[in-house]
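Below are the chains, spelled out letter by letter.
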Amino acid sequence: MHNNFDLTLDRLTKVEGSASLEIRVRENRVEHVHFKITEFKRFFTKAMEGKPVIALPQLLSRICGTCSNAHILASIEACENALGIKPSEQTMALRALTMYGLNIRDHALHLYLFAMPDIFGKDAFLDFDENDPIEGELLNDAFEIKAAGNFLSTLVAGRSVHALYPNIGGFNQIPGAPEIKIAIEKLEAIRPAVIRLVKVFENSPFHFDRNTNFMALVPKDRYGFIDGDILTSKGERVPEKNFREHLERVVLPYSQASAYKHEGEAYMVGALSRMNLAKDLLHPRTKETLATTLNLFPSTDVFYTNIAQTVEILHSIDDAIEILQNRKFEPEALQKGTNREAVGVGVVEAPRGTLYHMVKLKKDGTVESGEVIVPTGQNQVNIEEDVARLVEDLIPESSKEEIVFEIEKLIRAYDPCMSCAAHFLKVDWK
Amino acid sequence: MAENDLEKPKIKVGWFSFSCCEDNTVVFTELMNDHWRDWKKLFDFRHARVLKSQNILDELDVAFIEGAIASDQQAERLRQIREKSKKLVAVGACAVVGMPAGQRNYFSEGQKREIEFLTARFAALPKVLKVFEVVKVDAEVGGCPMDGNKFLEAVNGLVSELQNIK
């Protein structure tokens, strides 16, 4: 029995970036949870002002090292929409591959290095024992999967961090045939390891169920990360032409206390949302391999985000292999747009959820203003509500140390990214 | 790396992130894909929040610092790390040249006025600092993100030096 206490986690570990948490409990009821992103603001949306449009994707990539390639693609789409450029089919295929490389590497980093130690009762993934048959295999699997994702990113985008090839109007370089062959072999080779990873998280004893609203960018035909409409679990569909309206609905509240609610309620973005809303669109080979696993969705269990990420790794592999095997890549000139007064919006599914970029251009092609809305910002209210419920559930039986451990585990399941979240100009900290 | 290097006492390493996008952390975890076996034997990661929860700031052989310094509190923390570390390496552009984390240093007067209330609220320094402006730096690995090969060169150099001392 605790009755009254204040709990502060100075800095969460095994997450991207820096965040802290403050909880106030009175009479065993949670009075407030403050999930605080403690990264220092670097004022990217302010720094956009006056820059030439061509400089924007590389600048905004520096919002976050982890999600940099998602920021580049969201920014490119926003700039292209403002300049009136329609990317070619080949460009869209290369962008899909860029996101597949990112998701393979980034999900593997989160699943093995951040989330898995909790399941095995270890402090760090590197504490796993190489000589133990299970732990040794997982160590190998982790770095093989990450390396394959890295190889794909480097081949298609030039770099896995702050990619060099994707540009406004197309790609500066196209992948060569010999490297494509190696990429296919590497991706095929890690499939068994990914299937083992799916099982680890399917068998995980961690669960936390609380119903919420789910939201994701869902493509028309094939599960992916770069185009589609915004769908919600309430059955809403926000088409591309209404992105502005949708964006405002999300953006406007965030200079107030109720930031990032959608129609007055918290919502969740990320792999769980995508899987809940779009599992039918996964690659046929992924669906065949993971038929039983996919029956777990839709789900309201936050820890199933981890399982959803494992499924997304396999889908990324299977669809990347299909694209690489079937498409002939030809050199294409970058498409040129027209400098004009216009607003452009770009939306992608970053590994952690829906990422919005908006840019307002002046007649001379320089930036008047812009806006970036990141997944972790959108999940913030939902995380606070989940933590409040979790703490109230745990209070009667658990020690403070146990409560802290459980909170960190739950927040980790969201795979939050504080580097992204800290670029904001307007954040209400109360 | 010679076989007998792996039998020597582990090198105590810390990885610290200040104001930045943590792209060097990602490059570091990518380099691990090829080097994790050696690093597991060679390094005792005493403090690396991206890798572990039980982090200890005690005597370190090498501290890697990414990010620029945006507040007095961060500067104080960096000085503590320096005191406890035999070698301190600044990694990535934000640590080495202060950019782009320090882009507000170059804002127009009007832009500065618009962000003033935020820098005041979070007790941020009037000017974002490079790591060497706060503490002595023994080695630098530049780049945005840091160059992986240069990082490995720096690491290998420090390992030889430290193992000769030990």
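For clarity, every value in this text was computed on a predicted model and none was experimentally measured.

**Q** Residues and numbers for the interface of chain A and chain B, please.
**A** Across the boundary between the two partners, chain A contributes 31 residues, which contact 36 residues of chain B. Those elements that place two or more of their residues in the side of chain A that touches chain B are α1 (44–47), α4 (89–119) and α5 (133–157) of chain A. Counting residues per element, the side of chain A that touches chain B draws most heavily on α5 of chain A, which supplies four residues. When grouped by side-chain class, the residues that make up the side of chain A that touches chain B number 13 nonpolar, nine polar and nine charged.

**Q** Explain the sheet that holds strand β10 (residues 342–350) of chain A to me, and be specific about the residues and the numbers.
**A** Residues and elements named next belong to chain A. Read across the open sheet, the three strands follow the order β10-β11-β12; overall the sheet is antiparallel. Every interior strand has two partners, whereas the edge strands, β10 and β12 (367–373), have only one. Pairwise comparison of adjacent strand axes, ignoring direction, gives a mean angle of 10° for this sheet. In this sheet, β12 lies alongside strand β11 (residues 353–361) in antiparallel orientation, the contact comprising six bridges. Following the sheet pairing, His357 is matched in β12 by Val372. Packed onto the sheet, helix α3 (residues 68–83) meets β10 and β11 and runs at close to 150° relative to β10.

**Q** An account of the pairing of strand β6 (residues 213–218) of chain A is requested, with residue identities and associated values reported.
**A** Residue and element names in this part refer to chain A. Among the six residues in β6, five count as buried, and that is most of the element. Two elements, β6 and strand β9 (residues 267–268), share two bridges in a ladder whose sense is parallel. Across the sheet, Asn213 pairs through a bridge with Tyr267, a residue of β9. Bridge count between β6 and strand β7 (residues 229–232): four bridges; the pairing is antiparallel. Opposite Leu217, over in β7, you have Ile230 as the bridge partner.

**Q** Before we move on, can you summarise the confidence of the model for chain B with the specific residues and values?
**A** The predicted model of chain B has a mean per-residue pLDDT of 91, with 95% of residues at 70 or higher. Two summary scores accompany this predicted model of the complex, namely pTM at 0.93 and ipTM at 0.92.

**Q** How would you explain the packing of helix α1 (residues 23–42) of chain B against helix α5 (residues 148–165) of chain B if you had to name every residue and give the values?
**A** Residues and elements named next belong to chain B. In the contact formed by α1 and α5, the axes pass within 11 Å of each other and the chain directions differ by 20°. Of the possible angle classes, the one that applies to α1 and α5 is roughly parallel. Judged by the twist between their axes, the crossing of α1 over α5 is right-handed. Of the residues in α5, those touching α1 at Val27, Leu31 and Leu42 are Gly148, Phe151, Leu152 and Val159. Broken down by class, the residue content of the contact of α1 with α5 amounts to six nonpolar, one polar and no charged.

Rules used in this analysis
- Numbers given for residues are sequential positions, taken from 1 along each chain in its written order.
- Both sets of labels track the order of writing: A upward for chains, 1 upward for ligands.
- Only residues with pLDDT of at least 70 are given local features in this predicted model, and only at 80 or more are side-chain atom pairs given and counted; all residues enter the totals for whole chains, interfaces and linings.
- In this description, a residue-residue contact is defined by the distance between C-beta atoms placed from the backbone, which must lie within 7 Å.
- A helix here means a DSSP run of H or I that spans at least four residues, while a strand means a run of E at least two residues long, and both kinds are numbered starting from the N terminus.
- Put simply, Ala, Val, Leu, Ile, Met, Phe, Trp, Tyr, Cys and Pro go in the nonpolar bin, Asp, Glu, Lys and Arg in the charged bin, and everything else, Gly too, in the polar bin.
- Strand pairing follows a simple DSSP-based rule, namely that at least 2 bridges must link the two strands.
- Axis geometry follows a simple rule: fit a line to the C-alpha atoms, using only the stretch in contact for helices, then measure angles between N-to-C directions, giving values from 0 to 180 degrees.
- Each residue is classed by its C-beta neighbour count within 10 Å, where at least 20 other C-beta atoms makes it buried, 12 or fewer makes it exposed, and intermediate counts make it partly exposed; the C-beta atoms are placed from backbone geometry.
- pLDDT expresses, on a scale from 0 to 100, how confident the predictor is about each individual residue.
- Just so you know how the angles are binned, under 35 degrees is roughly parallel, over 145 roughly antiparallel, 65 to 115 roughly perpendicular, and the rest oblique.
- By definition, turning the near helix anticlockwise from the far helix through less than a right angle yields a left-handed crossing, and turning it clockwise yields a right-handed one.

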